[in-house]
Amino acid sequence: MSGRVTLVGAGPGDPGLLTLKGREALEKAQVVVYDRLVGPEILALIPEQAERINVGKESSHHLVPQEEISRILLEKALAGQDVVRLKGGDPFLFGRGGEELELLAAHRVAFQVVPGVTSALAVPAYGGIPVTHRDCCSSLHIITGHARAGKALEIDFEALVRTGGTLVFLMGVTALPRICAGLLAAGMDPDTPAAVVERGTTPRQRRIGASLAGLPRMAEAEQVSSPAVIVVGRVCALAEEFDWFGALPLKGVPVVVTRPAGRAGALSGRLRALGADVLEYPCIETVPTVPCPAMERAMDRLGDYEWLALTSPAGAEALWACLERRGADARALGGVKLAVIGPGTGRALRAHGLRADYVPEVYDAAHLGEGLAARAAGRVLILRAAESSPALTEALERAGTEFADVAVYTTRYENPRSEALRARVQRSETLVTFTSASTVKGFASSVGTGADLSRVTGICIGEQTAAEARKYGISVRVAAQATLEALIETILETAGK
Ligand code: SAH
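Residues numbered from 1 in each chain as written. Predicted model: local features only at pLDDT ≥ 70, side-chain atom pairs only at ≥ 80, totals over all residues. Heavy atoms only, no water.

Peer 1: Where do I start with the overall build of the protein chain in this structure?
Peer 2: Scanning the protein chain from terminus to terminus reveals 18 helices and 19 strands. Counting only C-alpha atoms, the protein chain reaches 90 × 60 × 45 Å along its principal axes. Within the span of the protein chain, comprising 497 residues, buried residues form 48% of the whole. In the protein chain, of all internal contacts separated by at least 6 residues, the share reaching a separation of at least 24 is 68%. Of the roughly 23600 Å² of accessible surface on the protein chain, a fraction of 51% belongs to carbon and sulfur atoms. Charged side chains of the protein chain number 53 positive and 56 negative; the gap between the two group centres comes to 1 Å. (Helix = DSSP H or I, 4+ residues; strand = E, 2+ residues; numbered from the N terminus. Buried < 20%, exposed > 50% of the residue type's maximum accessible area, 1.4 Å probe, protein only. Contact = heavy atoms within 4.5 Å. Areas by Shrake-Rupley, 256 points an atom, 1.4 Å probe, with all protein chains shown as cover. Lys, Arg positive; Asp, Glu negative; His and termini not counted. Charge placed at Lys NZ, Arg CZ, Asp CG, Glu CD.)

Here's what the structure looks like:
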């Protein structure tokens, strides 16, 4: 049986503008055929086992020809695959979506269409421009500024000017001077407000506003490049007043979020909502030690311990995995008291119905050690990473508290996407979040030896993390507490917002 093709609009850039239905289609796809304008956060939703075909790659400036794209869609569908054709914005608005469906229809391949949020409307909106307003206009016109090679623009400027409506040009950066000249020649007032919005809905969005007559020179001076939307009409005069996106507190501030793979979501999402230009960089990965005879032995004799201490969500996960392997559950922990380093690890326990008996005031290894030393009359079992801070065990040793320090996982330093990271650290205003000393080590190894990190500001959780960052010449700011809120607060302060 043949599969089917779902034509999905990915929206203009902000991953939050992908529709629910589009996301659902992506998550079920077996093959995804996508374009250049689709961003990394949306591509990240594609299932790992799905085949990805990038037809927007500019190999020697030749995109994959349209017939070839249509043929790929047809072949994959005929092979029984569930195919998603992912396109920027809305698939039917200057997206050649219609052309791609023709071949499918001719072969009776099933297809459906998930419309997308188009850049023609969303980009002006993020630029503070409502495309219509009762006081300004009564129509909206969306026009392509793209001319076939060697041909003049096929735009009826007189007709457009007569409408008195808002004009939105897509694909118009190269033709901007000709577009403005055409409108002026057709009698439009040279003082008509106009704007170009570049890389709209993304943290690197720029809006350049000017009069119709002044826009080409202004755009040239600002070196506007594609993708950009050109808006002409009185509504553009509202942009300054309505510039909500440009006014976000972290608008455009480059932040690298280094956290273990799979754990970056919450922080990155919050920073993006504040306008930050976030690069997620999972430079460390925690790998549970399996089998782990030392943990098995400790579990066999759990009754010998008064306290069980965990210093990370990864440690908690290793514990649950061990219980699982033993065919046991939380009850196997019996009466042992639970200590965690901070709220993140506390949440990892609560997910399994357990509450920590002790969380130190300051969320680091030294304070956990001191707190346990003051409380423990019996032995302490510590389950944590192989190379961990000695501050915890030193505090216990000083107090004469007996303990077993069991390595239940190791930290692997990853090196993905180093080029993107290297480019970021060249920018002097780049902030990098570090939640543990190991994220500092992973970051430094990913950037590579010899890189100058003095321009980077590390936003750190905990003094030990900060000390590690200073070793690499990174200037540091330490969050007042080990919580996401405190980290974000420190970023806002550092960015001077
Ligand atoms: N189907 C798409 C448009 C494809 S044509 C949609 O509905 O949005 C490509 C043009 O869209 C670009 O040349 C540019 O004019 C516009 N565009 C797409 N994404 C954009 C963005 N993030 N910022 C500004 N313009 C964008």
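From this point, the discussion proceeds with the structure in view.
Peer 1: When you look at the sheet that holds strand β2 (residues 31-34) in this model, what are you seeing that I'm missing?
Peer 2: Strand pairing in a sheet relies on backbone hydrogen bonds, with the paired strands running either antiparallel or parallel. One open sheet accounts for five strands, arranged β3-β2-β4-β1-β5; its pairing is parallel. Of all the strands in the sheet, just β3 (51-54) and β5 (110-114) have a single pairing partner and so form its edges. The average angle at which neighbouring strand axes cross in this sheet is 15°, direction not considered. One ladder, built from five bridges, connects strand β1 (residues 4-9) with β5; its direction is parallel. In the sheet register, Val 8 faces β5, and the bridge partner there is Val 114. (Pairing = 2+ DSSP bridges. Axes fitted to C-alpha atoms, helices over the stretch in contact; angles between N-to-C directions.)

Peer 1: What is the right way to look at the sheet that holds strand β10 (residues 228-232) in this model?
Peer 2: Judged by pairing direction, the sheet is mixed, and its five strands sit side by side in the order β6-β7-β10-β8-β9 without closing on themselves. Of all the strands in the sheet, the pair left with one neighbour each is β6 (140-144) and β9 (206-211). On average, each strand axis in the sheet is tilted by 20° relative to the strand beside it, whichever way the strands run. Of the strands in this sheet, β6, β7 (166-170), β8 (193-198) and β10 touch helix α5 (residues 119-126), which is tilted by about 80° from β10.

Peer 1: Is there a simple way to explain the site of the ligand in this structure?
Peer 2: Taken together, the neighbourhood of the ligand is formed by 18 residues, with Asp 90, Thr 118, Ser 119, Gly 200 and Ala 228 sitting nearest. Here a nitrogen atom of the ligand sits 2.8 Å away from a polar atom, N or O, in the main chain of Asp 90. Within the backbone of Met 171, a nitrogen or oxygen atom sits 2.8 Å from an oxygen atom of the ligand. The residue makeup of the shell around the ligand, split by class, is eleven nonpolar, five polar and two charged. (Near = heavy atom within 4 Å. Polar contact = N/O pair within 3.5 Å; in protein donor to acceptor, adjacent residues only side chain to side chain. Nonpolar A, V, L, I, M, F, W, Y, C, P; charged D, E, K, R; others polar.)

Peer 1: Sorry, what's going on with the state of the cysteines here?
Peer 2: Note on terminology: disulfide describes a covalent bond linking the sulfur atoms of two cysteines. The full count for this structure, using the stated rule, is zero disulfides. No disulfide involves Cys 137; its sulfur sits 5.9 Å from that of Cys 136, the nearest cysteine. Left unpaired, Cys 236 is separated from the closest cysteine sulfur, that of Cys 136, by 9.3 Å. (Disulfide = S-S within 2.5 Å.)

Peer 1: Sorry, what's going on with the side chain of Thr 345 here?
Peer 2: Along the chain, the position of Thr 345 falls in helix α12 (residues 343-350). Given the relative accessible area of 3%, Thr 345 is considered buried. Setting aside its immediate chain neighbours within four residues, Thr 345 contacts Leu 310, Thr 311, Ser 312, Pro 313 and Val 340.

Peer 1: Just to check I follow, could you spell out the packing of aromatic side chains for this structure?
Peer 2: Applying the stated criterion across every chain, the model contains four aromatic pairs. Here the aromatic cluster, defined as three or more aromatic residues joined through ring pairs, consists of Tyr 126, Trp 244 and Phe 245. (Phe/Tyr/Trp six-rings, centres within 6.5 Å; stacked < 30°, edge-to-face > 60°.)

Peer 1: I'm lost on the pairing of β2 in this one. Help?
Peer 2: Working note: regular strand, side chains alternate between the two faces of the sheet. Of the two faces of β2, the one lined by Val 31 and Val 33 and the one lined by Val 32 and Tyr 34 are each fully buried. Pairing of β2 with β3 involves four bridges; the strand directions are parallel. Residue pairing in the sheet places Val 32 in a bridge with Arg 52 of β3. Both β2 and strand β4 (residues 82-87) contribute to a ladder of four bridges, which runs parallel. Across the sheet, the residue bridging to Val 31 is Val 83, located in β4.

Peer 1: What's the story with the environment of Arg 259 in this structure? I'm lost.
Peer 2: Mapped onto the secondary structure, Arg 259 falls in strand β11 (residues 254-260). Given the relative accessible area of 17%, Arg 259 is considered buried. Taking C-alpha positions, Arg 259 is 7.3 Å from Phe 434, a pair spaced 175 residues apart along the chain.

Peer 1: Sorry if this is basic, but what is going on with helix α10 (residues 293-300) here?
Peer 2: Side chains three or four residues apart in an α-helix point the same way, a direct result of the helix having 3.6 residues per turn. Buried within α10 we find Met 295, Ala 298 and Met 299. Angular distribution of buried residues about the axis of α10 spans 100°; they occupy a single face of the element. Turned more than 90 degrees off the buried face of α10, the exposed positions are Pro 293, Arg 297 and Asp 300. Those residues of α10 that are buried lie in contact with β13 (305-310), α11 (313-325), β15 (379-385) and β16 (403-413). (Arc of directions from axis to C-beta.)

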